[in-house]
Amino acid sequence: GEEGLLTWQRPEGGTMLWARADHVLHDPTWAKNFHHFKVARTVLRRRLAKALEEEDLESASAMQLAWESAWGCLKEATPTQELRLAAGRHLIPGACVRHRRHDLRA
């Protein structure tokens, strides 16, 4: 059933249901790799912003290259995990996103 799962109401009255993907449920290393990656990406983004604010363009340029890559993965992450993490590499705390299919903004 849906008991205990996160749901939210859409503006037109429909309900959406959130559920974890199978690869998250069945991979005991996913949480560690995910959290490390997101913390590393958040720190990188803050340092990049600071370098730009201070007009340290040499450092900012190097950090921008890291930002565009999948920088931040643990060495023990599998290639599949790296690909999945890279797909969401720009999604960090404070990032504004719009759902393509449902036109929701968060």
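Quick caveat, the model's predicted, so the values are computed rather than measured.

Student: Describe the overall build of the protein, and please don't skip the residues or the numbers.
Tutor: Secondary structure summary: the protein contains four helices and two strands in total. Listed N to C, the secondary structure of the protein is β-β-α-α-α-α in terms of helices and strands. Against the compact-globule benchmark of 13 Å for 106 residues, the protein has a radius of gyration of 17 Å, which places it well outside the compact range. Dimensions of the protein along its principal axes, counting C-alpha atoms only, are 55 × 35 × 20 Å. Counting only residues that meet the buried cut, the protein has 24% of its 106 residues in that class. Restricting to contacts in the protein with at least 6 residues of sequence separation, those with at least 24 account for 48%. Summing over all exposed atoms, the protein offers an accessible surface of approximately 8300 Å²; the carbon and sulfur share of this is 55%. Charged side chains in the protein number 16 positive and 14 negative. The centres of these two groups are separated by 1 Å.

Student: Account for unusual backbone geometry, with residues named and values stated.
Tutor: Unlike most non-glycine residues, Glu 55 shows phi in positive territory, near 60°. Residue position: Glu 55 is located in the loop between helix H2 (30–53) and helix H3 (57–68).

Student: So what's going on with the pattern of salt bridges? Residues and values would help.
Tutor: One pass over the structure, following the stated rule, counts two salt bridges. As a salt-bridge pair, Lys 32 and Glu 76 come within 3.1 Å of each other at their nearest N and O atoms. You can see Lys 32 sitting in helix H2 and its partner Glu 76 sitting in the loop between H3 and helix H4 (79–87), a full 44 residues away along the chain. For Glu 76, a relative accessible area of 48% puts it in the partly exposed group. In this structure, Glu 54 engages Lys 50 in a salt bridge whose closest nitrogen and oxygen atoms are separated by 3.9 Å.

Student: Any details on the packing of aromatic side chains? Residues and values, ideally.
Tutor: Evaluation of the coordinates by the stated rule reveals one aromatic pair. The ring of Trp 67 has Arg 41 sitting right over it, with the charged end atom 4.2 Å from the ring centre. Arg 45 extends its terminal NZ or CZ atom over the ring of Trp 67, reaching a point 4.8 Å from the ring centre.

Student: Go over the nonpolar core, please, and point to the residues and values.
Tutor: Listed in full, the eight residues of the largest apolar core are Leu 44, Leu 48, Ala 51, Ala 60, Met 63, Ala 66, Trp 67 and Ile 92. Among the elements of the structure, H2 and H3 are those that each provide at least two residues to this core. Top contributing element to this core by residue count: H3, with four residues. Sequence-distant contacts of Leu 44, defined by excluding residues within four places in its chain, comprise Met 63, Ala 66, Trp 67 and Trp 71.

Student: So what's going on with H2? Residues and values would help.
Tutor: For H2, which comprises 24 residues, the first-to-last C-alpha distance of 34 Å matches the rise-based estimate of 34 Å (1.5 Å per residue) to within 8%. Residues Trp 30, Asn 33, Phe 37, Lys 38, Ala 40, Arg 41, Thr 42, Leu 44, Leu 48 and Ala 51 constitute the buried set of H2. Elements in contact with the buried residues of H2: helix H1 (22–25), H3 and H4. Glu 55 occupies a position one or two residues after H2 and carries a positive phi of about 60°.

Rules of the game
- Residues numbered from 1 in each chain as written.
- Predicted model: local features only at pLDDT ≥ 70, side-chain atom pairs only at ≥ 80, totals over all residues.
- Heavy atoms only, no water.
- Helix = DSSP H or I, 4+ residues; strand = E, 2+ residues; numbered from the N terminus.
- Rg over C-alpha atoms; globule rule 2.2 N^0.38 Å.
- Buried < 20%, exposed > 50% of the residue type's maximum accessible area, 1.4 Å probe, protein only.
- Contact = heavy atoms within 4.5 Å.
- Areas by Shrake-Rupley, 256 points an atom, 1.4 Å probe, with all protein chains shown as cover.
- Lys, Arg positive; Asp, Glu negative; His and termini not counted.
- Charge placed at Lys NZ, Arg CZ, Asp CG, Glu CD.
- Salt bridge = Lys/Arg side-chain N within 4 Å of Asp/Glu carboxyl O.
- Phe/Tyr/Trp six-rings, centres within 6.5 Å; stacked < 30°, edge-to-face > 60°.
- Lys NZ or Arg CZ within 6 Å of the ring centre and 35° of its normal.
- Core = buried A, V, L, I, M, F, W, Y, C linked by side-chain atoms within 4.5 Å.
- Expected span 1.5 Å × (residues − 1).

Function cannot be inferred from these measures alone, as they are strictly geometric.
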